[in-house]
Protein chains: 2
Amino acid sequence: MKSITIKDVAKALNVSISTVSRAFNDKYDINPNTRDLILKKAKEMGYQPNPIARKLIQKRSYNIGIVVPEFIHSFFPKVIIGAQEVLIEKGYQVLIMQSHESSITELRNTKTLVNNMVDGLIISLCAEDKNVEYYKSLVSTEIPIVFFNRTLEEIEAPKVLFDDYKWALFTTEHLIRQGYTRIIHLAGDMNLTLTKNRIKGFKDAHRKYKLDDFKIIYSGFSMTDGEVTAKTLIDKKKVPQAIFASSDYCAIGAMKTFKNFGYSIPKDIAICGFSESDMSRHISPPLTSVEQPTHLIGQTAANLLIEQIENKKAFIPQTIKLNGSLNIRESSVKLNL
Amino acid sequence: MKSITIKDVAKALNVSISTVSRAFNDKYDINPNTRDLILKKAKEMGYQPNPIARKLIQKRSYNIGIVVPEFIHSFFPKVIIGAQEVLIEKGYQVLIMQSHESSITELRNTKTLVNNMVDGLIISLCAEDKNVEYYKSLVSTEIPIVFFNRTLEEIEAPKVLFDDYKWALFTTEHLIRQGYTRIIHLAGDMNLTLTKNRIKGFKDAHRKYKLDDFKIIYSGFSMTDGEVTAKTLIDKKKVPQAIFASSDYCAIGAMKTFKNFGYSIPKDIAICGFSESDMSRHISPPLTSVEQPTHLIGQTAANLLIEQIENKKAFIPQTIKLNGSLNIRESSVKLNL
DNA sequence: ATTATTTCCGATAACGTTTCCGAAAAAGAT
DNA sequence: ATCTTTTTCGGAAACGTTATCGGAAATAAT
């Protein structure tokens, strides 16, 4: 399977390889007629420029690395799809890696990508991230990088975030308006910007209604986290009227546990989740959840990254905050008695 | 950000670049002492071999393309993770693309990957695949390629398949033993090997119990497919005693529709799904489902591909059939009256 | 002590492009 | 008709590696 090169095309037409190159890159200093001729002949011969040779001389890999905590559940895949769409459109290839919520794996993955000369990175941190210093050094070496959703305040880089404050506030308000007053927020990792903002929204909602009987538990994002926390609350007889969870999985874990112990949802306890998982609509009762614009998050991050890559000088790191919606379902709606 | 090259290392130690190269590739004709010296100095200088230059001369991209119908739901991501694990371990990078269940997109994606000089491909076809000829030509040009799960009989290439026949038979038998006799199988696309094998198992189970009141409907894999088919059955008053669906999503779609129309699961209709989605355990009633060894499928496919790439001559295309399990849950268990 | 063998390393050619420089040919200006 | 400018192209260097070949030094064999 001998592959055919630019030389073969040049020879076939009795032109120089420079000319063939010019034809393929649509340079200004080539006669349109010869260009068409070359392109036609090249197509005929089945010639395709070797991307690797091109990358070598251009000193760019046209690879973009994306690092996410996981892509088993639908949230991150949806973001990735959004990003991949715009990146592929612009001629980039995408390398996806998972940290499996491990700070160490995340670091190793990122380093692998950097060593493989990615032109840029799109990252969402794992829950308990300890790589701040590394990311700071990456940013300062000027490798283009965009963070989305899960990030840390200390890192000064372009970010695409969800408006966690606003929607946490809104969701809490929804619960309060339904008549629930003793609410617990199951939060994610306390260092994440996202967690801080949601807590702020949670508190401000209470403040707005002059309530102060709320509580925050740093449980984590997973279903197991939800289960464990619910069990603890039951054991300690501190079951609240409502729960606002860090994720749908956490919410569902809690919900299942409460149900197993005879609590009825939403009669005894109302529950809200976050990030609109696949399941929310289909479990019983259907789960109220904040929906994030996953696709848009991915697209925005990708565009921000490309802007940074192709326009390095003029680039100023910015934080883009995106909006969402609250899908209200049975799990948080007080029944009419 | 001037990157440092093999030349810099060579100059710093007053050796030739050949020697440095030898040190990094652990060739036999280098003195262990000088090798260590070079490696140490290189690390000190922060030198990393440029993978692109290496790829160019070795005429290998060390990229592997994976094409799947989608990676929103958990099945394909899990397979991909399995594959990625072994590929990264062996120094390959992974490019993932989705066909979105479109034959055209699938073709375009695959061509993009081939043009980008992937060293091999791992593919799972979209439902209604029309690219047989292209795949045949790919196989004949000897680009290493492995198909998994969704494939076509006409394609002669290494395949990693689930033992659909066995588990369809087993699942149907389970339903029959529960006392359900009028069973409908909601099948996937009729051209896929997987569909044919499942139908065969479905039929053989009936044969085994000397039953013949079964029916096959080619519905498709999605939740909507399940909903539509269920609605049709209700409208036509042809609701069976049990349903064996092509996927969990199809099963859940049907289940919801039946429930909405007042049927009770499993009292009025028993339902079984396929592929153990995230949701199966958590919906109500919990869904019986055939579980596939997703991780192992990915690993096996990757190993098969690597074998093919690195050992091209001696390679004979083989089909590997993997085993699974049936997770029996409420949705298919006849209640004791 | 001489020859044969091994061990180790350097020089140089590749890999397939793009880019830079310069020059021939064509077109325009005077 | 001569000079200037533009258009269009070819030659050669460069990108950072690995692979091939050959040769010097070191070791072993006779």
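Structure shown above.
So, a few notes on the structure that sits alongside this text.

What counts, and at which threshold
- Residues numbered from 1 in each chain as written.
- Chains lettered and ligands numbered in written order.
- Predicted model: local features only at pLDDT ≥ 70, side-chain atom pairs only at ≥ 80, totals over all residues.
- Heavy atoms only, no water.
- Helix = DSSP H or I, 4+ residues; strand = E, 2+ residues; numbered from the N terminus.
- Rg over C-alpha atoms; globule rule 2.2 N^0.38 Å.
- Buried < 20%, exposed > 50% of the residue type's maximum accessible area, 1.4 Å probe, protein only.
- Contact = heavy atoms within 4.5 Å.
- Areas by Shrake-Rupley, 256 points an atom, 1.4 Å probe, with all protein chains shown as cover.
- Lys, Arg positive; Asp, Glu negative; His and termini not counted.
- Charge placed at Lys NZ, Arg CZ, Asp CG, Glu CD.
- Near = heavy atom within 4 Å.
- Polar contact = N/O pair within 3.5 Å; in protein donor to acceptor, adjacent residues only side chain to side chain.
- Nonpolar A, V, L, I, M, F, W, Y, C, P; charged D, E, K, R; others polar.
- Least-squares fit on C-alpha atoms with pLDDT ≥ 70 in both.
- Buried area = accessible area lost by both parts, 1.4 Å probe.
- Salt bridge = Lys/Arg side-chain N within 4 Å of Asp/Glu carboxyl O.
- Core = buried A, V, L, I, M, F, W, Y, C linked by side-chain atoms within 4.5 Å.
- Pairing = 2+ DSSP bridges.
- Axes fitted to C-alpha atoms, helices over the stretch in contact; angles between N-to-C directions.

**Concerning the overall build of chain A**
Okay, so step 1: Secondary structure assignment for chain A yields 12 helices and 12 strands.
Okay, so step 2: Relative to a compact globule of 337 residues, whose C-alpha radius of gyration would be 20 Å, chain A shows 26 Å and is clearly more extended.
Okay, so step 3: For chain A, the spread of C-alpha atoms along the three principal axes comes to 90 × 40 × 35 Å.
Okay, so step 4: Relative to its full complement of 337 residues, chain A shows a buried share of 54%.
Okay, so step 5: Sequence-distant contacts, at least 24 apart, represent 72% of the contacts inside chain A between residues at least 6 apart.
Okay, so step 6: In the structure as shown, chain A presents an accessible area of about 15500 Å², 52% of it carried by carbon and sulfur atoms.
Okay, so step 7: Of the charged side chains in chain A, 45 are positive and 36 negative, and the gap between their average positions amounts to 2 Å.

**Side note on the protein's contact with DNA strand C**
Okay, so step 1: DNA strand C sits among 28 residues. The nearest are A:S21, A:K27, B:S16, B:T19 and B:R22.
Okay, so step 2: Contacts to DNA strand C include A:I6, whose backbone N or O atom sits 2.7 Å from a phosphate oxygen.
Okay, so step 3: One of the side-chain nitrogen or oxygen atoms of B:D29 is found 3.2 Å away from a base nitrogen of DNA strand C.
Okay, so step 4: Those elements giving two or more residues to the surface near DNA strand C turn out to be α2 (17-25) and α4 (51-58) of chain A together with α2 (17-25) and α4 (51-58) of chain B.
Okay, so step 5: Of the residues that constitute the surface near DNA strand C, the class distribution is 10 nonpolar, 12 polar and six charged.

**Describing the protein's contact with DNA strand D**
Okay, so step 1: Near DNA strand D, the surroundings consist of 28 residues, among which A:S16, A:T19, A:R22, B:S21 and B:K27 are the closest.
Okay, so step 2: At a separation of 3.0 Å, a phosphate oxygen of DNA strand D approaches a polar side-chain atom of A:T34.
Okay, so step 3: One nitrogen or oxygen atom from the main chain of B:I6 is found 2.8 Å from a phosphate oxygen belonging to DNA strand D.
Okay, so step 4: Of all the secondary structure elements, the ones that give two or more residues to the surface near DNA strand D are α2 and α4 of chain A together with α2 and α4 of chain B.
Okay, so step 5: Considered class by class, the residues forming the surface near DNA strand D number 11 nonpolar, 12 polar and five charged.

**Considering the relation of the copies chain B and chain A**
For the pair of chain copies, the relating transformation is a rotation about an axis with a translation along it.
Okay, so step 1: Of the transformation placing chain B onto chain A, the axial shift is 0.1 Å and the rotation is 180°, giving an RMSD of 0.2 Å. Look at the turn and shift together and you get a two-fold axis relating the two. Using C-alpha coordinates, one finds that chain B approaches the rotation axis most closely at B:I283, a distance of 2.3 Å.
Okay, so step 2: Looking at chain B, 100% of its interface residues are interface residues in chain A too, so the copies touch through the same face.

**Re the interface of chain B and chain A**
Okay, so step 1: Chain B puts 40 residues into the contact, and the matching count from chain A is 41 residues.
Okay, so step 2: Overall, the association of chain B and chain A removes approximately 3600 Å² of surface from exposure, summing both partners, and the carbon and sulfur fraction of that is 66%.
Okay, so step 3: For the chain B face of the interface with chain A, the top three residues by lost area are B:I52, B:I72 and B:H282, together amounting to 18%.
Okay, so step 4: Taken together, the links from chain B to chain A amount to zero salt bridges.
Okay, so step 5: Summed over the shared surface of chain B and chain A, the number is eight residue pairs in polar contact (both at pLDDT 80 or more).
Okay, so step 6: Among the secondary structure elements, those contributing two or more residues to the side of chain B that touches chain A are α4, α5 (75-89), β2 (93-98) and α11 (248-260) of chain B.
Okay, so step 7: For the side of chain B that touches chain A, the residue count by class is 20 nonpolar, 14 polar and six charged.

**Some details on the pattern of salt bridges**
All names here are of chain A.
Okay, so step 1: Summed over the entire model, instances satisfying the criterion amount to 32 salt bridges over all chains.
Okay, so step 2: For the salt bridge of D26 with R35, the shortest nitrogen-to-oxygen distance reads 3.2 Å.
Okay, so step 3: By relative accessible area, which is 21% here, R35 ends up partly exposed.

**Side note on the nonpolar core**
Okay, so step 1: A:L87, A:I122, B:L87 and B:I122 are the most contacted members of the largest nonpolar core, which has 56 residues in total.
Okay, so step 2: Contact partners of A:I122, with chain neighbours within four places excluded, come to A:I64, A:G65, A:I66, A:V67, A:A83, A:L87, A:V146, A:F148, A:A301, A:A302 and A:L305.
Okay, so step 3: Judged by nonpolar contacts, the second largest core, of 46 residues, contains A:A230, B:L186, B:M223 and B:A251.

**Description of the sheet that holds strand β9 (residues 270-274) of chain B**
Residues and elements named next belong to chain B.
Okay, so step 1: If you trace the six strands from one edge of the open sheet to the other, you get β7-β6-β8-β9-β10-β12, paired in mixed fashion. In this open sheet, the two edge strands, each paired with only one partner strand, are β7 (214-218) and β12 (325-327). On average, adjacent strands in this sheet sit at an angle of 20° to one another, irrespective of strand direction.
Okay, so step 2: With four bridges joining them, strand β6 (residues 183-187) and strand β8 (residues 242-245) adopt parallel strand pairing. Across the sheet, the residue bridging to I184 is I243, located in β8.
Okay, so step 3: Strands β6, β7, β8 and β9 of the sheet are contacted by helix α9 (residues 193-208), whose axis makes an angle of about 170° with β7.

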